[in-house]
Amino acid sequence: MVNLEALIFDVDGTLADTERDGHLVAFNRAFNDAGLDWNWSVETYGELLAVTGGKERIKYFLKLYLPDFQPPGDLDAFVAELHAAKTQHYKDLMVEPGLALRPGVMRLLQEVREQGMRLAIATTTTPANVTALLSNSMAADAESWFDVIAAGDIVPAKKPAPDIYVWAMQQMGLSPDQCLAFEDSDNGVKSVLGSGIRSLVVTVNGYTRGQDFSGSTVVLDNLGEPGKPCQCISGSEVLDEMVTLKGLQALHDDVWQ
Ligand code: XBP
Ligand code: MG
């Protein structure tokens, strides 16, 4: 039996509900600053989330909604500049008003750190966004809790491609059967499974509830807190009222027995 050696966390939608109140607001503020009359609604943004990566998402929006848009010069440079402005707005939002972590995230991270389990992040978002969320919503030194922070353009292909999880495992010197991943979206599930990891906990949110999480070990509404049990939406019944390291190890053993 191979031991569970590391937990790998997705960021957006998993550690915190960053999309609606973080990224979407940041995108619209950047569009406004650039004098563009683009204002993405919560519904439109939900549609655009099919494409991961903010720069890729802006191009997807143009393809879907403004196919005749003529950028002032090179499109890639225009999108990159717009996205850089969006990232600054996102960083500002993580400071004020800030964003709470999802239920059970801090509790589980503290338990896992006490037990000496290794931690990593595998996300499509820009590294600066991870720093902003961790340092403002988790702890000033939270980045040091993670052996690896695999983020954004560090890999050629974003989720649903498996690259970001493969890269994170390579950096840790671990194999898929030694890892367990946390995700929130269908793109994330595909990325995890494509990397060979089979222990996979999904916590759904407003944008991803109802997506296809086939292949995940368990789908929950959140990780649970004392007195606020998580609800199992599908999959393994191994977990109790809240996700603990003991429950994750049992779930992992079940998958790889
Ligand atoms: C979510 C994403 C990111 C964010 C926006 O990443 O797809 O693109 O929506 O961040 P994950 P950027 O769920 O893998 O954490 O604009 O920096 O891409
Ligand atoms: Mg996510």
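Up top is the structure these notes are about.
A few points on the structure. (Residues numbered from 1 in each chain as written. Chains lettered and ligands numbered in written order. Predicted model: local features only at pLDDT ≥ 70, side-chain atom pairs only at ≥ 80, totals over all residues. Heavy atoms only, no water.)

**Some words on the overall build of the protein**
Link 1 in the chain: Looking only at helices and strands, one finds nine helices and seven strands in the protein.
Link 2 in the chain: Taken over the C-alpha trace, the protein has a radius of gyration of 18 Å; the compact-globule value for 257 residues is 18 Å, and the two agree within 12%.
Link 3 in the chain: In terms of its C-alpha atoms, the protein occupies a principal-axis envelope of roughly 60 × 35 × 30 Å.
Link 4 in the chain: Counting across all 257 residues of the protein, residues that qualify as buried make up 52%. (Helix = DSSP H or I, 4+ residues; strand = E, 2+ residues; numbered from the N terminus. Rg over C-alpha atoms; globule rule 2.2 N^0.38 Å. Buried < 20%, exposed > 50% of the residue type's maximum accessible area, 1.4 Å probe, protein only.)

**Some remarks on the sheet that holds strand E2 (residues 118-123)**
Link 1 in the chain: Spatially, seven strands are ordered E3-E2-E1-E4-E5-E6-E7 in an open sheet, and the strand pairing comes out mixed. At either margin of the open sheet sits one strand with a lone partner, and together these are strand E3 (148-151) and strand E7 (232-235). Neighbour-to-neighbour, the strand axes of this sheet turn through a mean angle of 15°, independent of strand direction.
Link 2 in the chain: Alignment of strand E1 (residues 6-9) against E2, held across four bridges, turns out to be parallel. Across the sheet, the residue bridging to Ile-8 is Ala-120, located in E2.
Link 3 in the chain: Lying over the sheet, helix H9 (residues 245-256) contacts E1, strand E4 (179-183), strand E5 (199-203) and strand E6 (218-220), oriented at roughly 130° with respect to E5. (Pairing = 2+ DSSP bridges. Axes fitted to C-alpha atoms, helices over the stretch in contact; angles between N-to-C directions. Contact = heavy atoms within 4.5 Å.)

**Examining the coordination of the magnesium ion (ligand 2)**
Link 1 in the chain: Of the protein atoms, only Asp-10 (OD), Asp-12 (O) and Asp-184 (OD) coordinate the magnesium ion (ligand 2), at distances of 2.1 to 2.3 Å.
Link 2 in the chain: Using a relative accessible area of 4% as the deciding quantity, one classes Asp-10 as buried.
Link 3 in the chain: Residue Asp-12 is classed as buried on the basis of its relative accessible area, which comes to 8%. (Donors = N, O, S within 2.8 Å, 3.2 Å for Na, K, Ca; no water.)

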